[in-house]
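The primary structure of each chain is shown beneath.
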Amino acid sequence: MARPRTHDEALRLKLLDRAGELIAADGPKALSLRKLAADAGTSTTAVYSLFGSKPDLVNALYTEGFRRFGARMAGTPLTGDAVEDLVALGSAYRTSALADPHLYGIMFTRSIPGFEPNEDAEKLARETLKPLERIIRKAIADGVFLDVPPETVAVGCWAIVHGLVSLELTGNLPEEFDVTTSYEAALRANAAGWLRPQRSANVPS
């Protein structure tokens, strides 16, 4: 299959962003291909040509969201310090969510009833969390983190960032709440909580 021409790729991204905005603003029922085409200044034929059916369009939205998210996660500078690196990835998670809030719900909250990503999309989504998994597995293997299943730490880290980000995106945090400072403090406390207790040097083993 020939690769999309440059203007087709630009239109594809424009349509995906607008489709995500429609869903985020008014729910999945707002996603009319006719309205989407009109909003993007193109035809429904172009939409069908680029995506196929509406389910294919939603799958493309899911994929694009994780493509952007994965690029930010993979591009996060890491130090080798497990706590600092978990905080850095948590910050990248928030940055990605705030940059593409219209895609976040499709990626993480099942905002479209009945939608199931295809196999390729699911694989891409799993790959985006590889940096997190590598940090955790190494920290456990090196005796830096508690000897618990890696998925326990990973899900715990995801839960705190997802919870805080979701509250921020939905406007459910107090107005006076300093989101940026408090977010980092919460991430740091969570990451530090997985550290193994260090024996005091003057306590006999």
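Residues numbered from 1 in each chain as written. Predicted model: local features only at pLDDT ≥ 70, side-chain atom pairs only at ≥ 80, totals over all residues. Heavy atoms only, no water.

Identification of the protein as DNA-binding transcriptional regulator, AcrR family from Amycolatopsis tolypomycina is taken from an unreviewed UniProt entry.

Engineer: Hey, could you run me through the nonpolar core in this one?
Structural biologist: When a protein is soluble and globular, its nonpolar side chains tend to lie buried together. Membership of the largest hydrophobic core comes to 55 residues, with the highest contact counts inside it found for Leu 31, Leu 36, Leu 57, Leu 86, Tyr 93 and Phe 145. Here this core spans two domains, and each of domain 1 (8-52) and domain 2 (62-194) adds at least three residues to it. Ignoring sequence-local partners within four residues, the contact set of Leu 86 consists of Leu 132, Ile 135, Ile 136, Phe 145, Cys 157 and Ala 191. (Core = buried A, V, L, I, M, F, W, Y, C linked by side-chain atoms within 4.5 Å. Buried < 20%, exposed > 50% of the residue type's maximum accessible area, 1.4 Å probe, protein only. Domains from an automatic or database assignment. Contact = heavy atoms within 4.5 Å.)

Engineer: What should I look at first to understand the packing of aromatic side chains in this one?
Structural biologist: Any pair of aromatic rings gets described here by the distance separating the centres and the angle formed by the planes. Under the definition given, this model contains 10 aromatic pairs. With a centroid separation of 6.1 Å and an interplanar angle of 80°, the aromatic rings of Phe 66 and Phe 69 are classed as edge-to-face. Taken as a pair, Phe 66 and Phe 69 lie in helix H4 (residues 54-74) at a separation of 3 residues, close to a single helical turn. This pair shows no difference in class: Phe 66 is buried, exactly as Phe 69 is. Each residue in the set Tyr 62, Phe 66, Phe 69, Tyr 93, Tyr 104, Phe 108, Phe 115 and Trp 158 is aromatic and connected to the rest through ring pairs, giving one cluster. Stacked on the ring of Tyr 183, the Lys or Arg Arg 94 has its end atom at 5.6 Å from the ring centre. (Phe/Tyr/Trp six-rings, centres within 6.5 Å; stacked < 30°, edge-to-face > 60°. Helix = DSSP H or I, 4+ residues; strand = E, 2+ residues; numbered from the N terminus. Lys NZ or Arg CZ within 6 Å of the ring centre and 35° of its normal.)

Engineer: Mind showing me how you'd approach the UniProt feature "domain: HTH tetR-type" (unreviewed entry) in the protein here?
Structural biologist: Here the UniProt-annotated "domain: HTH tetR-type" (unreviewed entry) positions come out as residues 9-69. Secondary structure within residues 9-69 divides into 82% helix and 0% strand; the distance between the first and last C-alpha atoms comes to 19 Å. (UniProt positions renumbered as here; feature names shortened; annotations may be inferred.)

Engineer: Just checking my understanding: could you explain helix H9 (residues 150-169) for this structure?
Structural biologist: One turn of an α-helix holds 3.6 residues; hence residues three or four places apart share an orientation. If you check H9, its first and last C-alpha atoms are 28 Å apart, about what 20 residues at 1.5 Å a residue would give, namely 28 Å. Within H9, the full set of buried residues consists of Pro 150, Val 153, Ala 154, Cys 157, Val 161, Leu 164, Val 165 and Ser 166. Elements that come into contact with the buried residues of H9 comprise helix H5 (82-99), helix H6 (101-108), helix H8 (130-141) and helix H10 (179-192). Just past H9, the residue Gly 171 takes up positive phi, approximately 70°. (Expected span 1.5 Å × (residues − 1).)

Engineer: Looking at this model, I keep getting lost on the domain arrangement of the protein. Mind explaining?
Structural biologist: For an interface, size is often stated in terms of accessible area lost upon the parts coming together. With domains assigned, the protein is organised as domain 1 (8-52) and domain 2 (62-194). Look at where the C-alpha atoms of domain 1 and domain 2 centre, and you get two points 28 Å apart. With 9 residues of domain 1 in contact, the opposing surface of domain 2 contributes 7 residues. Contact with domain 2 buries surface across domain 1, with Asp 17, Ile 23 and Pro 28 losing the most and accounting together for 52% of the total. (Buried area = accessible area lost by both parts, 1.4 Å probe.)

Engineer: Sorry if this is basic, but what is going on with empty space enclosed by the protein here?
Structural biologist: In this structure the tally under the stated criterion is 2 cavities of 30 Å³ or more. In terms of lining residues, the largest cavity is bounded by 15 residues, among which Leu 86, Gly 90, Leu 132, Cys 157 and Val 161 are the most central. Ranked by the residues each element gives to the lining of the largest cavity, the list is headed by H5, at 5 residues. Of the residues contributing to the lining of the largest cavity, the split by class is 13 nonpolar, 2 polar and no charged. Within this model, the second largest cavity holds a volume of roughly 60 Å³. Around the second largest cavity, the lining residues are Gly 65, Arg 68, Phe 69, Tyr 93, Ser 96, Ala 97, Asp 100, Leu 103, Tyr 104, Met 107 and Phe 108. Looking at the lining of the second largest cavity, the elements that each hand over two or more residues are H4, H5 and H6. For the lining of the second largest cavity, the element with the most residues is H6, which contributes 4 residues. In the lining of the second largest cavity, the residues fall into 7 nonpolar, 2 polar and 2 charged. (1 Å grid on protein atoms, 1.4 Å probe; cavity = no way out; pocket = protein on both sides within 12 Å on 5 of 7 lines; lining within 4 Å. Points joined across faces, edges and corners; volume = space filled by probe spheres on them. Nonpolar A, V, L, I, M, F, W, Y, C, P; charged D, E, K, R; others polar.)

Engineer: Any chance you could explain the environment of Met 73 here in plain terms?
Structural biologist: Relative to the helices and strands, Met 73 resides in helix H4. The sequence separation of Met 73 and Ile 112 amounts to 39 residues, and the corresponding C-alpha distance is 25 Å. When residues no more than four places from it in sequence are discounted, the contact partners of Met 73 are Leu 89, Ala 92, Tyr 93, Thr 128 and Pro 131.

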